[in-house]
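Structure at a glance
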Amino acid sequence: MRTALTTSTFIHVTRIPQTMRAAVLREVKSLVLEERPVPTLGPRDVLVQVTSVGTCGSDVHYYEHGRIGDFVVRSPLILGHEAGGVVVARGPDAHRHEVGQRVSLEPGVPCFTCTECRAGRYNLCPDMRFFATPPIDGAFCEYVALHEEFAHPVPDSISDDAAALLEPLSVGVWSARKARVAPGMTVLVTGAGPIGLVALQAARVFGARDVVVTDVRPHRLAKAKALGATAIDVSETSLAEADVEADVLIECSGVPEAINEAIRRVRRAGRVVLVGMGGDEIPLPLAHVQAYELEVTGTFRYANTWPTAIALAASREVDLDSLATHHFGLADTEAALTVAANDPTTIKPMVHPQQ
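Every chain is numbered independently, its residues counted from 1 as its sequence is written. With the structure being a predicted model, the display of local features is reserved for residues of pLDDT at least 70 and the display and counting of side-chain atom pairs for 80 or more, all residues being used for whole-chain, interface and lining totals. For the side-chain quantities, the full set of heavy atoms in the structure was used; hydrogens and water were omitted.

With that settled, consider the overall build of the protein. Starting at the N terminus, helices and strands are each numbered in turn, a helix being any DSSP run of H or I of at least four residues and a strand any DSSP run of E of at least two. Secondary structure summary: the protein contains nine helices and 20 strands in total. The quantity called the radius of gyration is restricted to C-alpha atoms. Its globule counterpart is 2.2 Å times the number of residues to the power 0.38. Against the 2.2 N^0.38 benchmark of 20 Å for 355 residues, the protein shows a C-alpha radius of gyration of 20 Å, consistent with a compact globule. In terms of principal-axis extent, the alpha carbons of the protein reach across some 65 × 45 × 40 Å. To sort residues, take the accessible area from a 1.4 Å probe on protein chains only and compare it with the maximum for the residue type: under 20% means buried, over 50% means exposed, and anything in between is partly exposed. A buried classification covers 53% of the 355 residues belonging to the protein.

See below:
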């Protein structure tokens, strides 16, 4: 395990190499460090030297099972989609960034022309090319190429780790927008994993009077409490026993039993936002939803969230750095994907490809 770096780990290159190191998923539970060609650039692409990458539950799921729903790993794949780095080269028509600009990477590039893209819902683009979603390679490597519009400049006040974790923060911002969190509301967040913890912070920034966070893991509940939430261990106290009543539910656990119980604690005309990914189907207390006229919606990634996420991180209104609990070099990426199974204090393992 490597020591965290609070300043940029950018290594200046005067000449772009032809090859790079990459942690490649060869088969289920088999990750191999390989030499790969450095990505070539399209006209509006930038080449980014990757400094920090967060490990996501989806990365772990691909590593352990080789698929998520209809997305199946059929050929060697580079995982990792929560990334930040430094622009080191530009395509001929890329002019938004100077070489040396630190950036956070929005890991999905849409087609720009479909009905969803034209309506501003580019997260729903059917032709989205998203890092670490088969067959698109991700960021557990030394360099990535990305369309310049999705490489977002970050100020020096944002660390390398925080630049990478703007991606999960964007999930939190998107969930708060979908929930229409407003000042004075009580928000219930089920699940105190990384997404639950950023959803908690986003809800508070959006004006929630009280945020209640549930989980069964003491160290994650302690982190939620430290971030300003009312924390409830639902293995000891039910939401009914705690007399929780929420205007909004942001569901981040993916656990059917937790979802069912939490929906019943949402006030009349409240909103339920499903963020966590559990099974393909969950039981829904339909009579309760109808009687209470609850709005129930799913979420899929995010759209137009990076400016808000950057502003929140730069102003310290959200705390991303404390979520980065473990640090690994690129050769230890497999350890980063498995550490949570043995260390209960794990929240967000980070991989530093330049180490």
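Moving on from the coordinates now.
Cis geometry is found at the peptide bond from Pro134 to Pro135, where omega equals 5 degrees. Note that Pro135 resides in the loop between β10 (129-130) and β11 (143-147). Phi is positive for Lys29, close to 60 degrees, though the residue is something other than glycine. By secondary structure assignment, the location of Lys29 is in the loop between β1 (19-27) and β2 (30-37). A positive phi angle is found at Phe112, which is not glycine, with a value near 75 degrees. With respect to the helices and strands, Phe112 occurs in the loop between β9 (108-109) and α2 (115-118). For Phe112, a relative accessible area of 42% gives the class partly exposed.

Let us look at the nonpolar core. As used here, the term nonpolar core means buried Ala, Val, Leu, Ile, Met, Phe, Trp, Tyr and Cys residues forming a set that is joined through side-chain atoms within 4.5 Å. Counting 96 residues, the largest nonpolar core has Leu79, Leu105, Phe140, Leu166, Val187, Ile250 and Leu320 as its most contacted members. In terms of nonpolar packing, the next biggest core, distinct from the first, is built from 14 residues, Ile232, Ile263, Val272 and Leu294 among them.

What follows is about the sheet that holds strand β16 (residues 246-251). Pairing between two strands is assigned when DSSP locates at least 2 bridges connecting them. In spatial order, the strands read β15-β14-β13-β16-β17-β18; together these six strands make up an open sheet with parallel pairing. Among the strands making up the open sheet, the edge pair consists of β15 (230-233) and β18 (295-298). Going across the sheet, the axis of each strand differs from the next one's by a mean of 15 degrees, ignoring polarity. Two strands pair when backbone bridges link them, and strand β17 (residues 266-274) and β18 are joined in this way by four bridges, in the parallel orientation. The residue bridging Leu274 from the neighbouring strand is Gly298, located in β18. Throughout, an axis means a line fitted to C-alpha atoms (over the contacting stretch in the case of helices), and angles, computed between N-to-C directions, take values from 0 to 180 degrees.

Take the packing of aromatic side chains next. Note on ring pairs: Phe, Tyr and Trp rings are taken, using the six-membered ring of Trp, and paired if centres are within 6.5 Å. Classes follow the plane angle, with under 30 degrees stacked, over 60 edge-to-face and the rest tilted. A complete count under the given rule lists three aromatic pairs for this structure. Seen from their ring centres, Phe112 and Phe150 are 6.0 Å apart, and the 50 degrees between their planes marks the pair as tilted. Separated by 38 residues along the polypeptide, Phe112 in the loop between β9 and α2 and Phe150 in the loop between β11 and β12 (151-153) bring together distant segments of the chain. Classification of Phe150 by relative accessible area gives buried; the value is 6%. Ring centres of Tyr302 and Trp306 lie 5.1 Å apart, and the angle between their planes is 75 degrees; on these two criteria the pair is classed as edge-to-face.

Let us now look at the side chain of Arg220. With respect to the secondary-structure elements, Arg220 resides in helix α5 (residues 218-226). Asp215 provides the closest opposite charge to the buried, unpaired Arg220, separated from it by 5.2 Å. Any two residues having at least one pair of non-hydrogen atoms within 4.5 Å are treated as being in contact. Apart from residues no more than four positions distant in its own chain, Arg220 is found in contact with Ala192, Gly193, Pro194, Leu197, Asp215, Thr346 and Ile347. A residue counts as positive if it is Lys or Arg and as negative if it is Asp or Glu; His and the chain ends are not included. The working definition used for a salt bridge is a side-chain nitrogen of Lys or Arg within 4 Å of a carboxyl oxygen of Asp or Glu.

Bringing the sheet that holds β2 into the picture now. In spatial order, the strands read β2-β1-β6; together these three strands make up an open sheet with antiparallel pairing. Two strands close off the open sheet at either side, each with one partner strand: β2 and β6 (77-78). With eight bridges joining them, β1 and β2 adopt antiparallel strand pairing. Of the residues in β2, the one forming a bridge with Glu27 is Ser30.

The subject of this paragraph is the pattern of salt bridges. Taken as a whole and assessed by the stated rule, the structure comprises 15 salt bridges. The residue Asp215 makes a salt bridge to Arg217 at a minimum N-O spacing of 2.8 Å. A salt bridge links Arg267 to Glu245, with the nearest nitrogen and oxygen atoms 3.5 Å apart. Pair noted here: Arg267 is in strand β17 and Glu245 is in the loop between β15 and β16, with a separation of 22 residues, a long-range link. Take Glu245: its relative accessible area is 42%, and that puts it in the partly exposed class. In this structure, a network of salt bridges that share partners links the residues Arg26, Glu34, Arg36 and Asp137.

One face of the sheet, then the other: side chains in a regular strand alternate in exactly this way. Of all six residues in strand β14 (residues 210-215), five are buried; the element is thus mostly enclosed. With five bridges connecting them, strand β13 (residues 186-190) and β14 associate as parallel partners. Of the residues in β14, the one forming a bridge with Thr190 is Thr214. Note on handedness: a clockwise path from strand one over the helix to strand two, with the strands aimed away from the viewer, defines a right-handed crossover. Each parallel crossover has a hand, and for β13 linked through helix α4 (residues 194-205) to β14 it is right-handed. Here β14 pairs with β15 via four bridges, running parallel.

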